[in-house]
Amino acid sequence: MAEGTIISFAKKLAVITVEEYNFLQGVEGQVVSLRDELEWISSFLRDAAVQRSKYERVDVWVSQVRDLAYDAEDVLDIFIHKVKRLKERSWLRFLSKWPLIFPGPPITLHKLGNQISNINTRIEKISAYKSRYAIDKLKDKDSLGKDVALNKRKALALDEEIIIGFDSQSKEVEKILTQQRDDSSQLHIVSIVGMAGTGKSTLAYKVYKVVTNQFDSCAWINVSQEFEPQRLLQSMTEQNPEKTNFGRLLVVFDDVWREKDWDSIYQDILEKINIDRKESRVLITSRFDYVAKHAKSRINQIGKLDDKDCLELLKRKVFHDEKDFPKELEKLAEQIVKKCNSLPLAIVVLGGLLSTKQRTIDVWTKVVRSARWQLLQGSTECFEVLDLSYDNLPNQLKPCFLYFGLFPEDCPINCETIIQLWIAEGFIQERGEESMEDVAEDCLEDLIQRNMIQVDCRRSNGTLETCRIHDLLREFAISKGRHDKFLDILGDKRLANRCIMSRRLAIYSNNEEAEGTEIPDSTSLNNPRSILCFTNLSKKKLENTSFYKNFTLLRVLDLQGATELQSLPDAIGKLVLLKYLNLRGARVKRLPSSIRKLQNLQTLDISETQIFGIPCSVWKLEELRHFYANLELISTKAGSCCDLHCGGSPQIGRLRNLLTLSTREYNWISKDFNGLIDLRKLKITGVDMDRYGEILSKSILKFVYLRELEIEWARGKLQFQDSLSQHVHLYKMRLSGAMEKLPDDCNVFPPNLIELELSNTKLEQNGDSMKTLAKLENLQFLQLRKSSFLGNHMVFPKDGFPKLLSLDIGLLSDLEEWTVENGSLANLKVLNLKSLDNLKKLPDGFDIAKLQKLKLLLMPQQLSESVGRDKKVDNLERPQASTEEPEGGKCKNNLLMDLLINVPHLCNSAYKHGVQHLILPGVTFNFEAEFRTQLLGLDQAREL
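Residues numbered from 1 in each chain as written. Predicted model: local features only at pLDDT ≥ 70, side-chain atom pairs only at ≥ 80, totals over all residues. Heavy atoms only, no water.

1. A look at the overall build of the chain
A count of helices and strands for the chain gives 30 helices and 31 strands. Only carbon and sulfur atoms are counted for the fraction: they give 46% of the accessible area of the chain, which is about 43200 Å². (Helix = DSSP H or I, 4+ residues; strand = E, 2+ residues; numbered from the N terminus. Areas by Shrake-Rupley, 256 points an atom, 1.4 Å probe, with all protein chains shown as cover.)

Take a look at the structure:
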């Protein structure tokens, strides 16, 4: 982490030297010298960081360099803070125009010069230590020339290892490896990919042992990070001593790390040996998706080991071949497996530990309580496997990965949030003409490709929406972050009453009944740059002016969890370096006028607060990139709680850096609104179209980089003045309010639209509106909500909606007949119908066999019965309701059985025609489980 810190700070120094040149005259030479020296040190740190765990002197040296970088950052940040405060005074603004006459505050500059001189002296000493203690001459003696021996050790270890689980996956890989292929021009390459410790090698070895008898030659090759192709080839030959021709070869290259490693393997080994290319097979394992893609292989992402297999693996590791497992340890064993979160490596490590201990409840309970500590500190094996993945990260990704340690366990993380936080922290640097958000998203994708972070959900356009981090990797990030003073967690009982030296603090309490967690005074902290609150902080502390005076170097202040916070003092304006402020969900009623001083603010979230209006000073925050305020924005009036000195109406045109705007409409929609040409996400509610409709529609035409557009209005009608054909990035639209008739030309909508939701649009069904929608070639998700269409007959035209996957129709009370003409909805997989009170049947000729999911909520019974009759289903079989009590509610068997009896034809017909899921009020049929009924709770049934 130290090398990432140095590089990040060196880049920051370069920016400071340019931006604050007027105020650095007299010490700019010392600042440049500091930057250059740190850049030279960072070039050496990469190798040193890998050796930290092996040599204590290296760890000490790296820690000293890190602390020096932190101290230098403090000096510069404090200086910049003072300069920005002085800039607020009119006389300094005047003097800044005459730097040659008045080069800056002499006292401040003199102090800065002395501090930088001291840091440069420390750098010279630390550089001298590198040679004095021979740090620059240390070599990793175990990494070179060991390939053959390493392969033998790895094969022996796998042969002796307990191999449990992965049955379905191993059969799938076996099938792929042994199936016949017509194409002989390319080698058939298969890969197994997953994060460290998931059992990739175990799965590969399980397959390897089964299929070896179907090949002439077989070889298992472990690819170390430092390898020589000749030695790998020698190992292949030694594993097949009697073969002069490999013929039909099966070779496993285990643990391939880099794309260039695969290129070397392919060019220097596979292309040079004599094999039957049509019948030979190559199986590779890797932690990185991009390696498998580079190898042009068929990728198999390794799945989780199920709970039953995890428990069996633990038992076998602890008790070996003993059949009797003590019943009193059964629950503790399940808890240990849960702590390991289905990670085989962790289970094996803890199983090995337990095999050396007494088999008693007290002993196993201690292991449960310290499981993750045992994995990361008590045992070197698990830590080293994870540390290897971390060390292999590029420098710029290391702080990005460690940042995930700040988030609570099992917490889905919003990708927009983590990206905005990275940018505020200074982790992301501009790259050409790309926005920092795009660069940050690439960094996140890179971490996912390396299987360090998991995808939780993607948007319909393929971009990331939410992600997760594996529990063990999170613990590793926290452990590594604390060691490097990068982060720390407050609210942990184990860490009470100790000095916190880390730069970033996350706060979440273990005690749910606590009134609020206290933030320590600044004297016990080390100038933190970020505070992220995930719990109810003490409002007394947050409403106290001294809090903001003591943490003036903050860049990130996330108070989303501080739900009891009711006010912010004017002192928040002292946080002039702040770039990220999140008050979502707090009970704050006003923003102080001093908010205008936060000239570096990039993200401001005041949604779901009790703020009635925004002071006009917000419009002076010209660096703002993301603004969330789902409330009315009003110009200040005398006597209101807002800024009384705003000096006129809101001027949204000044916020030319805005990428996200989510708020209610008011008088800020003006002629200069169309200047926000970089907007990517626009959500406006409560629009008066009679007053602002024309300005709004003309402005939207200029926002050609929009990706998401949501507009809700109650007065007037929306009608775009021209087509949105130039909006090639716009994939999602939600429109709620009366519209004029849609023109026949579908170019009124963006060409790459994927998601569309209409509600209260009151379009005529007998007009051309549905024909227009049906021509949208890329539309995949369509929702027609309340009053979106008027009339009793809806027609989906011939060959319409060619790519539509999901259709959701609800609350169209007048709809009586629905016609789907030939070829329309050809690829539909999901159909959701809700509260269509007068719809008697599904469209004639509509084939439910192609659906994967059919959901009917509050639909007429006649429709359900008609589906069964139309399909002429015989041999009725009634599904049986489960008597098990579901989670989250009590079972109401009589009600549910009545529902089942009333719709037997529908259930049987759907099952016979291949529907996988059928959802009715209060009950879900999972046909893949052969009518195994999953019951919803009574509360959920009422909601439906």
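Back to the write-up after that little detour.
2. Section: the side chain of R450
Secondary-structure assignment places R450 in the loop between α21 (436-449) and β7 (454-458). With a relative accessible area of 9%, R450 lands in the buried category. What R450 contacts, discounting residues up to four positions off in sequence, is R287, F288, Y290, N392, L393, P394 and L397. (Buried < 20%, exposed > 50% of the residue type's maximum accessible area, 1.4 Å probe, protein only. Contact = heavy atoms within 4.5 Å.)

3. Side note on the nonpolar core
Among the nonpolar cores identified, the biggest contains 105 residues, and F673 and W818 are the most heavily contacted of them. The greatest single-element share of this core, amounting to 4 residues, is contributed by helix α25 (residues 689-702). Those residues in contact with F673 that sit more than four places away from it in its chain are I652, L661, W668, L682, I684, L696, S699 and F703. Judged by nonpolar contacts, the second largest core, of 100 residues, contains Y205, Y208, C218 and V252. (Core = buried A, V, L, I, M, F, W, Y, C linked by side-chain atoms within 4.5 Å.)

4. Some remarks on helix α8 (residues 167-178)
Across its 12 residues, α8 extends 17 Å between first and last C-alpha, which sits within 8% of the 16 Å expected from 1.5 Å per residue. All of the buried residues in α8 are Q169, S170, V173, E174, I176 and L177. Angular distribution of buried residues about the axis of α8 spans 165°; they occupy a single face of the element. Opposite its buried face, α8 presents the exposed residues S168, K171 and K175, each directed more than 90 degrees away. (Expected span 1.5 Å × (residues − 1). Arc of directions from axis to C-beta.)

5. Focus on the sheet that holds strand β6 (residues 413-414)
Pairing is antiparallel in the open sheet, where 3 strands are placed in the order β6-β8-β7. Each having just a single partner strand, β6 and β7 make up the two edges of the open sheet. The strands that α21 touches are β7 and β8 (464-468); relative to β8, the one it contacts most, it runs at about 45°. (Pairing = 2+ DSSP bridges. Axes fitted to C-alpha atoms, helices over the stretch in contact; angles between N-to-C directions.)

6. Side note on the environment of K398
One can find K398 in helix α19 (residues 397-402). K398 sits in the buried class, given a relative accessible area of 1%. Note: C-alpha distance between K398 and F427 (29 residues apart in sequence) is 9.4 Å.

7. Topic: the confidence of the model for the chain
Predicted confidence across the chain gives a mean pLDDT of 77, with 72% of residues reaching 70 or more. By mean pLDDT, the top-scoring element of the chain is strand β13 (residues 580-582) (96), and the lowest-scoring one is strand β31 (residues 932-935) (31). Under a pLDDT of 50 for its full length, residues 632-647 has, in the predicted model, 37 contacts with residues more than four places off or in other chains. pLDDT under 50 marks residues 921-944. Its contacts with residues more than four places away, or in other chains, come to 67 contacts. (pLDDT = per-residue confidence, 0-100.)

8. Examining the sheet that holds strand β3 (residues 249-254)
If you walk across this open sheet you meet the 5 strands as β2-β3-β4-β1-β5, and the pairing is parallel. Where the open sheet ends on each side, the last strands, each with one partner, are β2 (217-222) and β5 (298-301). Strand-to-strand twist across the sheet, computed as the mean angle between neighbouring axes with direction ignored, equals 15°. Across 6 bridges, the pairing between β2 and β3 is parallel. Of the residues in β3, the one forming a bridge with C218 is L250. Contacting β2 and β3, helix α10 (residues 229-239) runs over the sheet at an angle of about 140° to β2.

9. Some remarks on the pattern of salt bridges
Tallying each qualifying case throughout the model produces 32 salt bridges. Among the salt bridges present, the one from R459 reaches E708, with a minimum N-O distance of 3.7 Å. Separated by 249 residues along the polypeptide, R459 in the loop between β7 and β8 and E708 in strand β18 (residues 708-715) bring together distant segments of the chain. In this structure, R459 and E708 share a single accessibility class: buried. The partner of E708 in a salt bridge is K681, and the shortest N-O contact between them spans 4.0 Å. Pair noted here: E708 is in strand β18 and K681 is in strand β17 (residues 681-688), with a separation of 27 residues, a long-range link. Within the structure, one salt-bridge network assembled from shared partners comprises E416, R459, K681 and E708. (Salt bridge = Lys/Arg side-chain N within 4 Å of Asp/Glu carboxyl O.)

10. What to know about the environment of N527
Relative to the helices and strands, N527 is located in the loop between β10 (504-507) and β11 (530-533). In contact with N527, not counting residues within four places along its chain, are D74, R503 and L553.

11. Focus: the state of the cysteines
Inspection of every chain in the model, using the stated rule, returns 0 disulfides. No disulfide involves C310; its nearest neighbouring cysteine sulfur is the one of C340, lying 8.0 Å away. Sulfur of C415: no disulfide; nearest cysteine sulfur belongs to C467 and is 3.9 Å away. (Disulfide = S-S within 2.5 Å.)

12. With respect to the environment of D799
Following the sequence through the fold, D799 ends up in the loop between β24 (793-796) and β25 (806-810). Counting along the chain gives 21 residues from D799 to V820, while the straight-line C-alpha distance between them is 9.5 Å. D799 has contacts with N822, G823 and S824, leaving out every residue within four places of it along the chain.

13. Things to note about the packing of helix α14 (residues 330-340) against helix α16 (residues 361-369)
Put simply, α14 and α16 touch, their axes get as near as 10 Å, and they point 15° apart. Put simply, α14 runs roughly parallel to α16. Every pair of crossing elements has a handedness; the one defined by α14 and α16 is left-handed. On the side of α14, the interface is formed by L332, A333, Q335, I336 and K339, while α16 contributes I361, W364, T365, V367 and V368. For the contact of α14 with α16, a count of residues per class yields 7 nonpolar, 2 polar and 1 charged. (Parallel < 35°, antiparallel > 145°, perpendicular 65-115°, else oblique. Left-handed = near helix turned anticlockwise from the far one by under 90°. Nonpolar A, V, L, I, M, F, W, Y, C, P; charged D, E, K, R; others polar.)

14. Thoughts on unusual backbone geometry
In this structure, N760 is a non-glycine residue whose phi angle is positive, near 60°. With relative accessibility at 30%, the residue N760 sits in the partly exposed group. The phi dihedral of L858 falls on the positive side, at around 55°, and the residue is not glycine. Structurally, L858 can be placed in the loop between β28 (853-857) and α27 (861-870).

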